[in-house]
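# Examining the three-dimensional arrangement
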Amino acid sequence: MKTIIVTGANSGLGLWTSQYLLEEKYFVIMACRNTDKAKEDIKKIKAFQEHKNFVIKHLDLADLENIKSFVDGLTELTELHGLICNAGITYEGEFRYTKDGIEETFGVNHLGHFYLTQLLLEKFSLQKIVIISSALHDPANQSPFEKAVYKKVLDMAYPQIDKSRNLAKQTQEFYCTSKLCNVLFAYELARRLKGKAIVNAYNPGFMPSTNFGRTQTITNLFFRKALYLIGSLFGFATTPQKSARHVVRLITDETESGKYFDNDKPVKSSTDSYDESKAIELWQQSEQLINTIVERK
Ligand SMILES: NC(=O)c1ccc[n+]([C@@H]2O[C@H](COP(=O)([O-])OP(=O)(O)OC[C@H]3O[C@@H](n4cnc5c(N)ncnc54)[C@H](OP(=O)(O)O)[C@@H]3O)[C@@H](O)[C@H]2O)c1
């Protein structure tokens, strides 16, 4: 049975992806930051009762030491077929930081996944890797969100608060930029693993029904419901169920590598994402930053 790791597997896209992988007879390692919540989340889903080919493991991508422990703890595994870097966060308001003091959006969405992938590749010959990005990585995307702005790694990891600018706009920019880093990383990884692994980035589309960016205020819940209804009506929204089918297809059937997929087709990503010098810089500086933090401990 082929094994796949799915990060952020207890919610939204990650949960549906895990479920469909079980049905396709893969063994799924559900890597979740809150394992109790994950056990609760799967209770009502039939596939998890019928197919026992999964395990829930603790992984907090906001903590480099924990990422290392997660990989070290995979002692029973002799082979690993695939990895789906799905976990993601966004927030509004005061800047938030990972356990290592990195701005949280960059730290979880890019740096945590980057480190996880490096450590896994030291141990296993992965054959399929999918990195979940977003249409918002592309500044040309028509959305009211702030735009992605690629910077040096230290500037993305330790951003200065700009007092003249709305905080929400600054954190929106962090999110879009982290999703650009996802595409840059996917392309560079595909180049480095050419002939060995199929690596692709994927845009799951706008999925208002997941927990993404959710706050428990009535306004937020009402707004999301309305967005879901309007989005479904006008075709700009989708569901995690539909998008998860495409993620699974990238694992089961895809033979092309180094592409950015939307639904089941490769499409063009942003101009910046094809800049190989940026991709190499992101790779090298991410490595340096991780080494500095790890050596400090
Ligand atoms: N929803 C959308 O409209 C949309 C659009 C484009 C792209 N995406 C991307 O799709 C992916 C999945 O998002 P979703 O919509 O399914 O959102 P979701 O329901 O909020 O799921 C996100 C998952 O990431 C996990 N996570 C967050 N921080 C983590 C950490 N430090 N360590 C480990 N796991 C962590 C969450 O765990 P907890 O349950 O513990 O919080 C959750 O399982 C994300 O990468 C997102 O950027 C979403």
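Refer to the preceding data block for the structure.
For every chain, the first residue of the written sequence is number 1, and numbering continues from 1 onward in sequence order. Confidence filtering applies because this is a predicted model: local features only for residues at pLDDT of at least 70, side-chain atom pairs given and counted only at 80 or more, and all residues used for totals across whole chains, interfaces and linings. Derived side-chain values reflect all non-hydrogen atoms in the structure, with water molecules and hydrogen atoms excluded from consideration.

### Details of the pairing of strand β4 (residues 82–85)
Our working rule: Partly exposed describes any residue whose relative accessible area lies between the buried limit of under 20% and the exposed limit of over 50%, with all areas from a 1.4 Å probe on protein chains only and scaled to the type maximum. Put simply, DSSP H or I for four residues or longer makes a helix, DSSP E for two residues or longer makes a strand, and each gets a number counted from the N terminus. Whether two strands pair comes down to DSSP finding at least two bridges between them. By convention a crossover is right-handed if, when the strands point away from the viewer, the path from the first strand over the helix to the second runs clockwise.
Here β4 shows two buried faces, one formed by Gly82 and Ile84 and the other by Leu83 and Cys85. Pairing geometry for strand β1 (residues 3–7) and β4, over three bridges, is parallel. By the bridge assignment for β4, Ile4 is matched with Gly82. Two elements, β4 and strand β5 (residues 128–132), share four bridges in a ladder whose sense is parallel. What sits directly across from Ile84, in β5, is Val130. The parallel pair β4 and β5 is bridged by helix α5 (residues 104–123), and the resulting crossover is right-handed.

### Quick look at the site of the ligand
Selection rule: Any residue with a heavy atom positioned within 4 Å of a molecule or strand is treated as near that molecule or strand. Polar contact criterion, stated in full: a pair of N or O atoms within 3.5 Å, where within protein one must be able to donate a hydrogen and the other to accept it, and residues adjacent in sequence count only if both atoms are side-chain atoms. Only the protein chains shown count as covering a residue, and every accessible area follows the Shrake-Rupley method with a 1.4 Å probe. For this scheme, ten residues count as nonpolar: Ala, Val, Leu, Ile, Met, Phe, Trp, Tyr, Cys and Pro. Four count as charged, namely Asp, Glu, Lys and Arg, and the remainder, Gly too, count as polar.
Neighbouring the ligand are 28 residues; Asn10, Ser11, Lys37, Tyr175 and Thr210 lie closest to it. Within the side chain of Lys37, an N or O atom sits 2.4 Å from an oxygen atom of the ligand. Within the backbone of Gly88, a nitrogen or oxygen atom sits 3.3 Å from an oxygen atom of the ligand. The fraction of the free accessible surface of the ligand (900 Å²) that becomes covered by protein chains is 93%. When residues of the shell around the ligand are traced back to their parent elements, those giving at least two are α1 (12–23) and α7 (167–192). A class-by-class count of the residues in the shell around the ligand yields 13 nonpolar, 11 polar and four charged.

### Regarding empty space enclosed by the protein
Formally: Only protein atoms enter the calculation, which uses a 1 Å grid: trapped sets of points that fit a 1.4 Å probe without letting it out are cavities, open sets showing protein on both sides within 12 Å along at least five of seven lines are pockets, and any residue with an atom within 4 Å of a point is a lining residue. Grid points are joined across faces, edges and corners, and a volume is the space filled by probe spheres set on the points.
Taken as a whole, this structure holds three cavities of 30 Å³ or more when the rule is applied. The space that makes up the largest cavity amounts to roughly 100 Å³. Lining the largest cavity are Glu103, Phe106, Val149, Lys151, Asp155, Met156, Pro159, Glu173, Phe174, Thr177 and Ser178. Within the residue set of the lining of the largest cavity, elements represented by two or more residues are α6 (153–157) and α7. It is α7 that provides the largest number of residues to the lining of the largest cavity, a total of four residues.

### Looking at the packing of aromatic side chains
Remark: the centre distance and the inter-plane angle together describe each pair of aromatic rings, the angle taken between the planes. Note the cut-off: Pairing of aromatic rings covers Phe, Tyr and Trp, the last counted by its six-membered ring, and requires centre-to-centre distances within 6.5 Å; plane angles under 30 degrees mean stacked, over 60 mean edge-to-face, and any other angle means tilted.
This model, assessed by the stated rule, comprises nine aromatic pairs. Between Phe95 and Phe174, the ring centres sit 5.0 Å apart and the planes meet at 75°, which makes this aromatic pair edge-to-face. Residue Phe95 is found in the loop between β4 and α5, and its partner Phe174 is found in helix α7; the two are separated by 79 residues along the sequence. A single burial state applies to Phe95 and to Phe174, both of which are buried. Their ring planes at 85° and their centres at 5.3 Å tell us that Phe114 and Trp283 sit as a pair that is edge-to-face. Separated by 169 residues along the polypeptide, Phe114 in helix α5 and Trp283 in helix α10 (residues 276–296) bring together distant segments of the chain.

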